[in-house]
Amino acid sequence: SLRPAVPLPPPSQPLSIIQYALSLLHSPTTASSSTLSTTIFLIDSASGRHLTYSTFLQQVASLSSSLKALHPSLSNKDVAFVLSPPSLHIPVLYFSLLSLGVALSPSNPSSSPSEIDHQIRLSKPAVAFATSDISRKLPANIPVILLDSPQFLSMLESKVSGPTNDAAVNQSDTAAILYSSGTTGKVKGVVITHRNLIALIAGLYHNKLAKDEEENTHSVSLFTLPLFHVFGFFMLIRAASMGESVVLMEKFDFVKMLEAVARHRVTYIPVTPPLVVAMAKSDLVDKYDLSSLRSLGCGGAPLGKEVSERFRKKFPHVEIFQGYGLTETSGGATRTIGPEEATRHGSAGRLSENMEAKIVDPQTGEALPPGQRGELWLRGPAVMKGYAGDDAATAATLDSEGWLKTGDLCYFDSDGFLFIVDRLKELIKYKAYQVPPAELEHLLQSIPEVADAAVIPYPDEEAGQIPMAYIVRKPGSTISATEIMDSIAKQVAPYKKIRRVAFINSIPKSPAGKILRRELVSLACSTASS
Ligand code: ATP
Ligand code: MG
């Protein structure tokens, strides 16, 4: 059931992820140099401004040599913090830093100053890049280069001749320190090497070659994802390696996204589950010409089988590919590939190339056979080096044999397809039973009058915890708490029943589409005690 291993460059060969990505881009199967001058890489969806591959690479060369001139001491021991909404400058900056071997550490521009302080304590940046309005959140002792300053703009335009002046970068050097989403606790700084990213992109490129034999259309993807999170980060490098076009949205907006699909004839959207739910449920989608769309790639949080089947009924020409990954795996660790695997609704797909897995009994540490639930452990060349500034967390997560403990409760079926039940930390403990909230959320989302839902543990004297649902009703719906509880009770074992319901206007979610159950738990507790 394993996918064939994909050959990787010898680990000792000095090579940055950018040199590797560009070697794929320049390979005869991807693009010839004449098409790079006409093929568009990046489009800003709001303004329509765009960069061709040639212009993009020219800007990368300019910026990296200007940065080197400005900060001659910047080396591959240094970290650069990045705080900005997505714009055409961001990919140029990422590629420049990566090709200089300076570790890139992008953060959520809407983080609070204290969250930023925490991240900076972990990654210890030597320099920061930020837009001027957001730069105020940075501590005063870090030198800042403003992304909207005349200085930065001139660094993009300084004429340099020849290709990027790559520093000697070793594959084992840190490429990026990416922050985990902080869903289960404090954000961690995940150290990703050039080797990790090379391994990841090698696998994705391998599939692209196989796919192109079937269909030969130019892919235009629309990024609704933030570029600071691992999902958007690796998808950006992936797109560049394959000569694809990427439409960037500075600020996510559902209607603007639909307009952008129609205007730019978008073929592919990497998404998180809330967007699939929204598309499956919204009546607005019928107003737009989405005929160019061929597939969605969904990951980052659990996608219910019911929702994905409903989406397919509504959009029979759009395939949903699912993927599962962690910041700690540099990107997708499993995914579905091709039309046959895409029909496995509810599964997160099979292991990515060069990735190994086992399902482990969280109590005994014993490996379990297919069909049995346990913690998923992963190993492979795309698995992180460790956590920055937190040796204890590294030791608790990576074992001496290189296995990464994901904290996710999962099982494989006998065909090697992975099913994610929920995070171990988020299981609701009802009496002696464990209830996965994600399973109940999927059932709730399939109720037509429910627009969105989240399930949390609610303290209970007798049971310890009971499952409680927060519900967003569809506009005009008057569905009651009792009707909702009854509808779920018919579908689940008695211990999984929802025993409390509250209505809310929207479910709090992280930028990567994860339900922030911790926020709802505090809300439930504060409402109960007031
Ligand atoms: P933190 O580690 O800081 O608590 P986080 O785990 O949410 O936050 P990420 O690295 O962004 O940070 O997310 C990885 C997690 O997202 C996985 O461990 C898993 O729980 C969840 N996840 C990712 N993809 C999927 C998927 N396809 N289905 C279900 N869950 C997924
Ligand atoms: Mg995590």
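Residues numbered from 1 in each chain as written. Chains lettered and ligands numbered in written order. Predicted model: local features only at pLDDT ≥ 70, side-chain atom pairs only at ≥ 80, totals over all residues. Heavy atoms only, no water.

### Side note on the sheet that holds strand 18 (residues 374-379)
Strand order in this open sheet of five strands is 17-16-18-20-21, and the pairing throughout is antiparallel. Edge strands, defined here as strands with exactly one partner in the open sheet, are strand 17 (367-368) and strand 21 (418-423). (Pairing = 2+ DSSP bridges. Helix = DSSP H or I, 4+ residues; strand = E, 2+ residues; numbered from the N terminus.)

### Some remarks on empty space enclosed by the protein
By the definition in use, this model includes two cavities of 30 Å³ or more. Every residue lining the largest cavity is listed: Leu303, Ser308, Ile320, Gln322, Thr336, Glu341, Ala342, Arg344, His345, Gly346 and Ser347. Elements represented by at least two residues in the lining of the largest cavity include exactly strand 13 (319-326) and helix 13 (338-342). (1 Å grid on protein atoms, 1.4 Å probe; cavity = no way out; pocket = protein on both sides within 12 Å on 5 of 7 lines; lining within 4 Å. Points joined across faces, edges and corners; volume = space filled by probe spheres on them.)

### Topic: the site of ligand 1
What surrounds ligand 1 is a group of 21 residues, the closest being Ser180, Gly182, Thr183, Thr184 and Thr327. Residue Gly323 places a main-chain N or O atom 2.7 Å away from a nitrogen atom belonging to ligand 1. For ligand 1, whose unbound accessible area comes to 640 Å², protein coverage reaches 96%. Residue assignment for the shell around ligand 1 shows that the elements contributing at least two residues are strand 13 and strand 21. In terms of residues, the shell around ligand 1 owes the most to one element, strand 13, which gives five residues. When its residues are assigned to classes, the shell around ligand 1 shows five nonpolar, eleven polar and five charged. (Near = heavy atom within 4 Å. Polar contact = N/O pair within 3.5 Å; in protein donor to acceptor, adjacent residues only side chain to side chain. Areas by Shrake-Rupley, 256 points an atom, 1.4 Å probe, with all protein chains shown as cover. Nonpolar A, V, L, I, M, F, W, Y, C, P; charged D, E, K, R; others polar.)

### A short note on the layout of surface pockets
In this structure, the second largest pocket encloses a volume near 1,100 Å³. Forming the walls of the second largest pocket are 46 residues, and the residues nearest its centre are Thr224, Phe252, Lys509, Ser510 and Pro511. Of all elements in the fold, only strand 3 (79-83), helix 4 (89-100), strand 4 (103-107), helix 6 (132-135), helix 11 (273-281) and strand 24 (450-460) reach the threshold of two or more residues within the lining of the second largest pocket. When residues in the lining of the second largest pocket are grouped by element, the largest group, five residues, is from helix 11. Among the residues forming the lining of the second largest pocket, the class breakdown is 27 nonpolar, eleven polar and eight charged.

### What about the environment of Asp286?
Counting through the fold element by element, Asp286 comes out in the loop between helix 11 and strand 12 (295-298). It is 17 Å that separates the C-alpha atoms of Asp286 and His264, two residues lying 22 residues apart in sequence.

### Quick look at the pattern of salt bridges
Two side chains carrying opposite charge are able to pair once their charged atoms lie near each other. One pass over the structure, following the stated rule, counts 16 salt bridges. Among the ionic pairs, Arg344 bridges to Glu340, the shortest N-O distance being 3.5 Å. According to the relative accessible area criterion, Arg344 is partly exposed, its value standing at 25%. Linking Lys509 and Asp452 is a salt bridge whose minimum nitrogen-to-oxygen distance equals 2.6 Å. With Lys509 in the loop between strand 26 (500-503) and helix 17 (517-529) and Asp452 in strand 24, the pair connects residues that are 57 residues apart, well separated along the chain. Judged by relative accessible area, which is 26%, Lys509 ranks as partly exposed. Taking relative accessible area as the criterion, Asp452 reaches 13% and is therefore assigned buried. What you see here is one network of salt bridges that share partners, running through Asp422, Glu426, Glu441 and Arg517. (Salt bridge = Lys/Arg side-chain N within 4 Å of Asp/Glu carboxyl O. Buried < 20%, exposed > 50% of the residue type's maximum accessible area, 1.4 Å probe, protein only.)

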